[in-house]
Amino acid sequence: MNILVIGGGGREHALVWKIAQSPLVKTIYCAPGNPGTATLAENVAISVDQLDKLLAFAYENKIDLTVVGPEQPLSLGIVDLFKAHGLKVFGPSKDAALIEGSKAFSKDLMHKYGIPTAAYGVFSDLEEAKTFIDRTGAPIVVKADGLAAGKGVIIAETRVEAINAVRDMLSGNSFGSAGSRVVIEEFLTGEEASFLVITDGKNIIPLASAQDHKAIFDGDQGPNTGGMGAYSPAPVVTPAIHEIAMRRVLQPAIDGMAAEGRTYCGVLYAGLMVRDGEVKTLEFNARFGDPECQPLLMRLKSDIVPILLAVADGDLSGIELEWHDKAAVCVVMAAEGYPGEYRKGDEIIGLDQAAKLDDVYVFHAGTMTKEAACVTNGGRVLGVTALGATVKDAISEAYRGVGCITWSGVQYRTDIGRKALGRS
Ligand code: AMP
Ligand code: GLY
């Protein structure tokens, strides 16, 4: 088979890495890919939003299956376009991807189908938003309705901060049209978990549990990022929490989407807040999480290609997933300044050293090749991922990998996975 992976981050490197292990595969292409995917696939210089070019490429190169990594092409309708041309593609349709593309839609869906979530309001008028903020009190959470590359969520500590965030969003200053409506919601406390399932719209298969680390600094301090590290399994997802998440969140979400005429196929990611044996839903994403995908795919024992194909064919019945007993941990190494303006073009030292370690794999995200050197080219640069007998062992291995690598201004958290140790 010929497979096309769309995207160029750590998640897509992990997808390419896992797909490359399948005996069913002849050629893998990755658009646009990165220097990491280039070692396993042929990179194609088409960006993720050039849908017509991607379609033409898939036709010309006899692509048997296209796997869409990021949310943007999903929201633009890449799945609809490819399917309309008779091509197999893994991911939700445009109508179904709205579960991530509009936070207002997603919250209304949760409300309608009784899925537990924070109390909220949707506003496009500042005065109405102020009334809601005054009634709820701070801390309070302000979210741009549309896609904002994981940065459209402001945890406001004060009433004034919340009002300023709403004003910036509604005026289009902070997130353009994505902020023309805002969701304002109650601030929740607890421990987060990333709960991912694959589904054909009817059958639902949970993936292994995982936990992300959103904040830039150790101890969950500082602004939120796209994710600074992840591990699997996550002990916060006990068997009881797993059961609640499936029954009260994922099943009603997927049934609700079908009832709305938006049948959901692909990976559905629920961001959960777990507290005192209860679960509340923070958000839904229409794709694999990044970096959650990296440790999850390292732990997946089954060939991923028949799984992706079954979803693309709309029939997951008969598919079972097998997981390694080992734990996996991914530590993200980021550029100075991230998640704000960040440095680019710094030479990355030590990739060769890290490559010599058993059970460690370095997934590329924001890198590029410049005159035979690998240099930084994004906020999140690398995801150093390791397997270990336990989360503790996987943490040690991942940080052994991190210790091999450096560049000017490198930053990473030193406490990835620590929460799991407190529980076991
Ligand atoms: P979201 O994109 O909606 O998941 O928000 C990104 C991150 O913001 C989440 O992973 C949480 O860390 C935080 N967050 C979102 N909503 C809330 C909330 N209602 N209460 C507390 N933290 C939140
Ligand atoms: N790591 C969080 C996300 O992919 O949205």
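For the structure itself, consult the block above.
The present account deals with the structure reproduced in this document. Being a predicted model, the structure only gives us computed values, none of them experimental.

Reading the values: rules and limits
Residues numbered from 1 in each chain as written. Chains lettered and ligands numbered in written order. Predicted model: local features only at pLDDT ≥ 70, side-chain atom pairs only at ≥ 80, totals over all residues. Heavy atoms only, no water. Near = heavy atom within 4 Å. Polar contact = N/O pair within 3.5 Å; in protein donor to acceptor, adjacent residues only side chain to side chain. Areas by Shrake-Rupley, 256 points an atom, 1.4 Å probe, with all protein chains shown as cover. Nonpolar A, V, L, I, M, F, W, Y, C, P; charged D, E, K, R; others polar. Helix = DSSP H or I, 4+ residues; strand = E, 2+ residues; numbered from the N terminus. Buried < 20%, exposed > 50% of the residue type's maximum accessible area, 1.4 Å probe, protein only. Contact = heavy atoms within 4.5 Å. Disulfide = S-S within 2.5 Å. Phe/Tyr/Trp six-rings, centres within 6.5 Å; stacked < 30°, edge-to-face > 60°. Axes fitted to C-alpha atoms, helices over the stretch in contact; angles between N-to-C directions. Parallel < 35°, antiparallel > 145°, perpendicular 65-115°, else oblique. Pairing = 2+ DSSP bridges. Left-handed = near helix turned anticlockwise from the far one by under 90°.

Structural notes on the site of ligand 2
Then step 1. Within the structure, ligand 2 sits among Asp212, Lys214, Gly226, Tyr269, Asn285, Arg287, Gly289, Asp290, Pro291 and Glu292.
Then step 2. The contact in question runs from an oxygen atom of ligand 2 to an N or O atom on the side chain of Asn285, over 3.3 Å.
Then step 3. Burial of ligand 2 by the surrounding chains reaches 91%, relative to a free accessible area of 200 Å².
Then step 4. Looking at side-chain class alone, the shell around ligand 2 contains two nonpolar, three polar and five charged residues.

Concerning the side chain of His213
Then step 1. The residue His213 is located in the loop between β12 (211-212) and β13 (215-217) in this model.
Then step 2. In this structure His213 comes out as buried when scored by relative accessible area, which is 2%.
Then step 3. Within the structure, His213 has its side chain in polar contact with the backbone nitrogen of Gly417 (distance 3.2 Å).
Then step 4. When near neighbours in sequence (up to four residues on either side) are disregarded, His213 contacts Thr225, Gly227, Met228, Gly229, Ala230, Tyr231, Arg413, Asp415, Ile416 and Gly417.

Some points on the site of ligand 1
Then step 1. Taken together, 14 residues surround ligand 1, and among them Lys143, Glu185, Leu188, Glu192 and Glu283 come closest.
Then step 2. In the model, a nitrogen atom of ligand 1 is placed 2.7 Å from a nitrogen or oxygen of the Glu185 side chain.
Then step 3. Summarising the interface, the protein chains cover 93% of the accessible area of ligand 1, which totals 470 Å² for the free molecule.
Then step 4. Those elements that place two or more of their residues in the shell around ligand 1 are β7 (140-144), β8 (153-156), β9 (182-186) and β17 (278-285).
Then step 5. A per-class count over the shell around ligand 1 returns six nonpolar, one polar and seven charged.

Side note on the state of the cysteines
Then step 1. Counting across every chain of the model gives zero disulfides.
Then step 2. The thiol sulfur of Cys374 is not disulfide-bonded, and the nearest other cysteine sulfur, from Cys30, lies at 15 Å.
Then step 3. The class of Cys374 is buried, set by a relative accessible area of 14%.

Regarding the packing of aromatic side chains
Then step 1. One pass over the structure, following the stated rule, counts seven aromatic pairs.
Then step 2. With a centroid separation of 5.6 Å and an interplanar angle of 85 degrees, the aromatic rings of Trp17 and Phe363 are classed as edge-to-face. Residue Trp17 is located in helix α1 (residues 10-19), and its partner Phe363 is located in strand β19 (residues 360-364); the two are separated by 346 residues in the primary sequence. There is no split in this pair, since Trp17 and Phe363 are both buried.
Then step 3. Aromatic ring contacts, followed pair by pair, group Trp17, Tyr361 and Phe363 into a single cluster.

A short note on the packing of helix α5 (residues 94-101) against helix α6 (residues 103-112)
Then step 1. Running from N to C, α5 and α6 point in directions that differ by 95 degrees, and their axes come no closer than 6 Å. Overall, the two elements α5 and α6 adopt an arrangement that is roughly perpendicular. Side by side, α5 and α6 meet where Leu98, Ile99, Glu100 and Gly101 of the first sit next to Lys103, Phe105, Ser106 and Leu109 of the second.
Then step 2. Along the lines of polarity and charge, the residues of the contact of α5 with α6 split into four nonpolar, two polar and two charged.

Section: the sheet that holds strand β6 (residues 120-123)
Then step 1. Spatially, β6-β9-β7-β8 is the arrangement adopted by the four strands of the open sheet, whose pairing is antiparallel. Sheet topology places β6 and β8 at the edges, where each strand pairs with a single neighbour. Neighbouring strand axes in the sheet, compared pairwise and without regard to direction, differ in orientation by 20 degrees on average.
Then step 2. Examined bridge by bridge, β7 and β9 share five bridges and lie antiparallel to one another. Paired with Lys143 across the two strands is Val183, which belongs to β9.
Then step 3. Across the sheet, helix α7 (residues 126-136) touches β6, β7 and β9, and the angle it forms with β6 is around 165 degrees.

Examining the packing of α7 against helix α8 (residues 159-170)
Two measures define how a pair of helices packs: the angle their axes make with one another and the distance between the axes.
Then step 1. Where α7 meets α8, the closest approach of the two axes is 10 Å, and the angle between their N-to-C directions is 155 degrees. Relative to α8, the element α7 lies roughly antiparallel. Once α7 is placed against α8, the crossing between them reads as right-handed. The segment α7 lies against α8, with Leu126, Ala129, Lys130, Ile133 and Asp134 engaging Arg159, Ala162, Ile163, Val166, Arg167 and Leu170.
Then step 2. By residue class, the composition of the contact of α7 with α8 is seven nonpolar, no polar and four charged.

Some remarks on α5
Owing to its 3.6 residues per turn, the α-helix aligns residues three or four sequence positions apart on the same side.
Then step 1. Taken as a whole, α5 has its buried residues at Ala96, Ala97, Ile99, Glu100 and Gly101.
Then step 2. At its buried positions, α5 is contacted by α3 (71-76), α6, α9 (239-259), β16 (266-275) and β17.

Overview of unusual backbone geometry
Then step 1. Residues Asp290 and Pro291 are joined by a peptide bond in cis, for which omega reads 25 degrees.
Then step 2. Topologically, Pro291 is positioned in the loop between β17 and α10 (293-299).
Then step 3. Cis rather than trans, the peptide bond between Tyr338 and Pro339 has omega equal to 10 degrees.
Then step 4. Looking at the secondary structure, you find Pro339 in the loop between β18 (327-334) and α12 (351-355).
Then step 5. Here Lys62, not a glycine, exhibits a phi torsion of approximately 50 degrees, which is positive.
Then step 6. Lys62 gets classed as exposed once you look at its relative accessible area, which sits at 61%.

Purely spatial values, then, with no claim about function.
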